[in-house]
Amino acid sequence: MSKLRVAVLGAKGRIGSEAARAVEAAEDLELVAALDQHDTLETLTASGAQVAVDLTHPDSVMGNLDFCVGHGIHAVVGTTGWNDERLARLTSWLEASPETGVLVAPNFSIGAVLTMKFSQSAARYFESVEVIELHHPNKADAPSGTAGRTAQLIAAARQEAQLPPQPDATVTGLEGARGADVDGVRVHSVRLRGLLAHQEVIFGGEGETLTVRHDSLHHSSFMPGILLGVRRVVSTPGLTYGLEHFLDLS
Ligand SMILES: NC(=O)C1=CN([C@@H]2O[C@H](COP(=O)(O)OP(=O)(O)OC[C@H]3O[C@@H](n4cnc5c(N)ncnc54)[C@H](OP(=O)(O)O)[C@@H]3O)[C@@H](O)[C@H]2O)C=CC1
Ligand SMILES: O=C(O)C1=N[C@H](C(=O)O)C[C@H](O)C1
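Residues numbered from 1 in each chain as written. Chains lettered and ligands numbered in written order. Predicted model: local features only at pLDDT ≥ 70, side-chain atom pairs only at ≥ 80, totals over all residues. Heavy atoms only, no water.

What the five strands build is an open sheet, ordered S7-S8-S6-S9-S10; its pairing is mixed. Lying at the two open borders of the sheet, with one neighbouring strand each, are strand S7 (180–182) and strand S10 (208–216). Strand-to-strand twist across the sheet, computed as the mean angle between neighbouring axes with direction ignored, equals 20°. The strands touched by helix H5 (residues 110–122) are strand S9 (197–205) and S10; relative to S10, the strand with the most contacts, the crossing angle is about 160°. (Pairing = 2+ DSSP bridges. Helix = DSSP H or I, 4+ residues; strand = E, 2+ residues; numbered from the N terminus. Axes fitted to C-alpha atoms, helices over the stretch in contact; angles between N-to-C directions. Contact = heavy atoms within 4.5 Å.)

Listed below in C-alpha cells is the structure:
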C-alpha cells in the first residue's frame with residue numbers, strides 16, 4: 001500500500017520538529033516536505049503532499065490554510081489563535097473545496113482532551129469554576145488554545161444546565177487580577193521557565209472543590225494525536241474541531 005504523503009509546516013519549531021520526526025518514523029506515512037518560515041508554500045504542491053500539518057504561529061496559520069484548502073490538501077492544525085471569525089472563514093473555504101478535510105485541534109494529547117471532556121461533564125454540578133493554564137515563556141498566545149476551548153465547553157454546559165453567573169464580589173482590584181473572561185469563565189495564564197504545557201480546572205461548590213489537572217511533560221505527548229489526525233483527516237471532509245471527534249470517548 002502506498003504511503004500517505006505528509007508535509008509539516010513549522011518544521012524547525014518546538015512541536016513541528018518533533019512532528020516531522022514522528023511522521024518520518026511512521027511506516028504508513030512519508031514526510032515529503034518540511035517547511036518553516038520563509039519557505040514557499042509551492043513546495044507543498046510540488047512535493048505532492050496530501051496532508052499538511054500546521055504547527056506554526058497564529059499570524060501564519062490562515063494564509064497556510066487558504067493555500068492548502070485551495071489546492072485540495074488536507075490539513076491537521078495544532079496552531080492556536082482560533083476564534084469564531086477564523087473558523088467561519090475556514091468553513092467557507094472548505095465549502096468551496098468539499099472533498100478537503102481540516103482538523104483543528106486545540107490540543108493533541110489524550111490527557112488534555114480528557115481534561116476538557118471531564119470538565120464539561122463536571123460543569124453543571126458546581127457553582128464556581130476557574131481555569132489555570134501554565135506554559136513555557138516562549139508561548140506567543142494567552143490564554144492557551146486549550147484553556148480557551150475548555151472554558152467555552154464549560155460555559156456551554158453551564159448554560160445548558162441553566163446555571164446562574166458565578167458568584168464574585170470583586171469590585172476593586174488591579175487590572176488582570178481576575179484573569180480573562182471567556183464566556184463567563186475566568187482563565188488565568190502562567191508563563192514560567194521550566195514548564196511545558198499544563199492546565200488545572202478548579203470547580204467549587206458548597207464545602208468542596210474538585211481539581212482536574214493535566215501535565216504535558218514532553219512534546220511526545222502530542223504525537224499520537226497528530227498521527228491519528230493525519231490518518232483520519234483524509235477521509236473526513238469539512239471542518240473537524242477537536243481531536244475528540246476522532247476518538248471513541250463515549
Ligand atoms: N494543538 C496542540 O496540541 C499544540 C499546539 N501547539 C501550538 O503550535 C504552535 C507552534 O508552537 P511551538 O512549536 O511551540 O512554536 P515555535 O515558535 O517553536 O515554532 C513555530 C515554528 O513555525 C515557524 N513559522 C512561523 N510562520 C511560519 C510559516 N508561515 N510557515 C512555516 N513556518 C512558520 C516559526 O519560524 P520563526 O520562529 O522563524 O518565526 C517556528 O520555527 C503554537 O500555536 C502552539 O500553541 C503547540 C503544542 C501542542
Ligand atoms: O504553545 C504550546 O506549547 C501549546 N499550545 C497549545 C495551546 O495553546 O493550548 C497546546 C498545548 O497547551 C501546548
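Back to the write-up after that little detour.
The next subject is the site of ligand 1. Surrounding ligand 1, one finds 20 residues, the nearest of these being Arg 14, Asp 36, Ser 60, Thr 80 and Phe 108. For ligand 1, whose unbound accessible area comes to 920 Å², protein coverage reaches 78%. With respect to the pocket detection grid, ligand 1 is positioned in the largest pocket. (Near = heavy atom within 4 Å. Areas by Shrake-Rupley, 256 points an atom, 1.4 Å probe, with all protein chains shown as cover. 1 Å grid on protein atoms, 1.4 Å probe; cavity = no way out; pocket = protein on both sides within 12 Å on 5 of 7 lines; lining within 4 Å. Sits in = over half its atoms within 2 Å of the grid points.)

With the rule as written, the count across this model stands at one aromatic pair. Taking 5.3 Å as the distance between ring centres and 40° as the angle between the ring planes, the aromatic pair formed by Phe 126 and Phe 203 counts as tilted. Remark: Phe 203 occurs in strand S9 and Phe 126 occurs in the loop between H5 and strand S6 (128–135); sequence separation between them is 77 residues. (Phe/Tyr/Trp six-rings, centres within 6.5 Å; stacked < 30°, edge-to-face > 60°.)

Turning next to the layout of surface pockets. If you add up the space inside the largest pocket, you get close to 820 Å³. As for the largest pocket, its lining consists of 38 residues, and the residues nearest its centre are Ile 15, Leu 55, Thr 56, His 57 and Thr 79. Of all the elements in the fold, those that place two or more residues in the lining of the largest pocket are helix H1 (14–25) and helix H6 (145–160). A class-by-class count of the residues in the lining of the largest pocket yields 13 nonpolar, 20 polar and five charged. (Points joined across faces, edges and corners; volume = space filled by probe spheres on them. Nonpolar A, V, L, I, M, F, W, Y, C, P; charged D, E, K, R; others polar.)

Now for the pattern of salt bridges. Taken as a whole, this structure holds eleven salt bridges when the rule is applied. One salt bridge in this structure joins Arg 186 and Asp 181, with 4.0 Å as the shortest N-O distance. By relative accessible area, which is 25% here, Arg 186 ends up partly exposed. A single network of salt bridges, built from pairs that share partners, joins Glu 130, Asp 168 and Arg 178. (Salt bridge = Lys/Arg side-chain N within 4 Å of Asp/Glu carboxyl O. Buried < 20%, exposed > 50% of the residue type's maximum accessible area, 1.4 Å probe, protein only.)

Let us now look at the UniProt feature "domain: Dihydrodipicolinate reductase C-terminal" (unreviewed entry) in the protein chain. With numbering aligned to this structure, UniProt lists the feature "domain: Dihydrodipicolinate reductase C-terminal" (unreviewed entry) at residues 111–247. The span residues 111–247 is 28% helical and 29% strand by assignment, and the distance between its end C-alpha atoms comes to 12 Å. (UniProt positions renumbered as here; feature names shortened; annotations may be inferred.)

With that settled, the discussion passes to the site of ligand 2. Lining the immediate surroundings of ligand 2 are Thr 80, Pro 106, Asn 107, His 135, His 136, Lys 139, Asp 141, Ser 144, Gly 145, Thr 146, Ala 197 and Phe 222. Between ligand 2 and His 135, the relevant distance is 2.6 Å, taken from an oxygen atom to a side-chain nitrogen or oxygen of the residue. A distance of 2.6 Å separates an oxygen atom of ligand 2 from a polar atom in the side chain of Lys 139. The class makeup of the residues in the shell around ligand 2 is three nonpolar, seven polar and two charged. (Polar contact = N/O pair within 3.5 Å; in protein donor to acceptor, adjacent residues only side chain to side chain.)

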